[in-house]
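# Coordinates in review
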Amino acid sequence: TTEIYTLSLHDALPISALPLSLASLATQANELTPGLWEITAKLNSPAVPDAMRNQVRKECLTQAQAANPEIAMRDSWKQGGCRAGEVNRSGNTLHWSTSCKMPGSNTPTKIRGEMVLHNPKHYSTSITVTGNKQSMTTHSEAKWLGACDK
């Protein structure tokens, strides 16, 4: 069965806990097709074991998230205890940055990301998370699969 996830930064655990869901932020870009997406991510961090560096996840993007991506992104940051951050668009590229207080840490975790919207059913991302004296970069490719399972 397909697992359906809401798009939210609160899924992101401390940097050593594979915050693959940070790729969710990228799915909230302008002009994406609502529905089920498959995200293939490559994680690069010394804290991530080699066997876990390549991940595949399916997520459901709602009509509301596709219709207003900046509000959806800022809502997920608020739910995740993050600052308001910045979101900038230039052509088919979305850039963002924010900082968050992750559980078990007094040091803010900084998140920077870029997404390139290739077309309404394909995008790619690069996200860098830095905190707790660690850093992780995630590169993702996402493709639309169809309607979400109910």
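In the block above lies the structure referred to throughout.
In short, a report on the structure. Predicted model only: the values in this text are computed from it and were never measured. (Residues numbered from 1 in each chain as written. Predicted model: local features only at pLDDT ≥ 70, side-chain atom pairs only at ≥ 80, totals over all residues. Heavy atoms only, no water.)

## Some points on the sheet that holds strand β5 (residues 109-119)
Taken in spatial order, the seven strands of this open sheet run β2-β1-β7-β6-β5-β4-β3, and their pairing is antiparallel. Two strands close off the open sheet at either side, each with one partner strand: β2 (54-61) and β3 (86-90). Across this sheet, the average inter-strand angle for adjacent strands is 20 degrees, counted without regard to direction. By the bridge criterion, nine bridges tie β5 to strand β6 (residues 122-131) in an arrangement that is antiparallel. Within β6, the position partnered with isoleucine 111 by the bridge is valine 129. (Pairing = 2+ DSSP bridges. Helix = DSSP H or I, 4+ residues; strand = E, 2+ residues; numbered from the N terminus. Axes fitted to C-alpha atoms, helices over the stretch in contact; angles between N-to-C directions.)

## Regarding the state of the cysteines
Here a disulfide denotes one covalent bond, and it connects the sulfur atoms of two cysteines. Enumeration according to the criterion identifies two disulfides in this entry. Covalent S-S linkage joins cysteine 60 and cysteine 148, the inter-sulfur distance amounting to 1.8 Å. As the torsion about the S-S bond is roughly 105 degrees, the cysteine 60-cysteine 148 disulfide counts as right-handed. Placement of cysteine 60 in strand β2 and of cysteine 148 in the segment after β7 (134-146) is noted, with a sequence separation of 88 residues between them. (Disulfide = S-S within 2.5 Å.)

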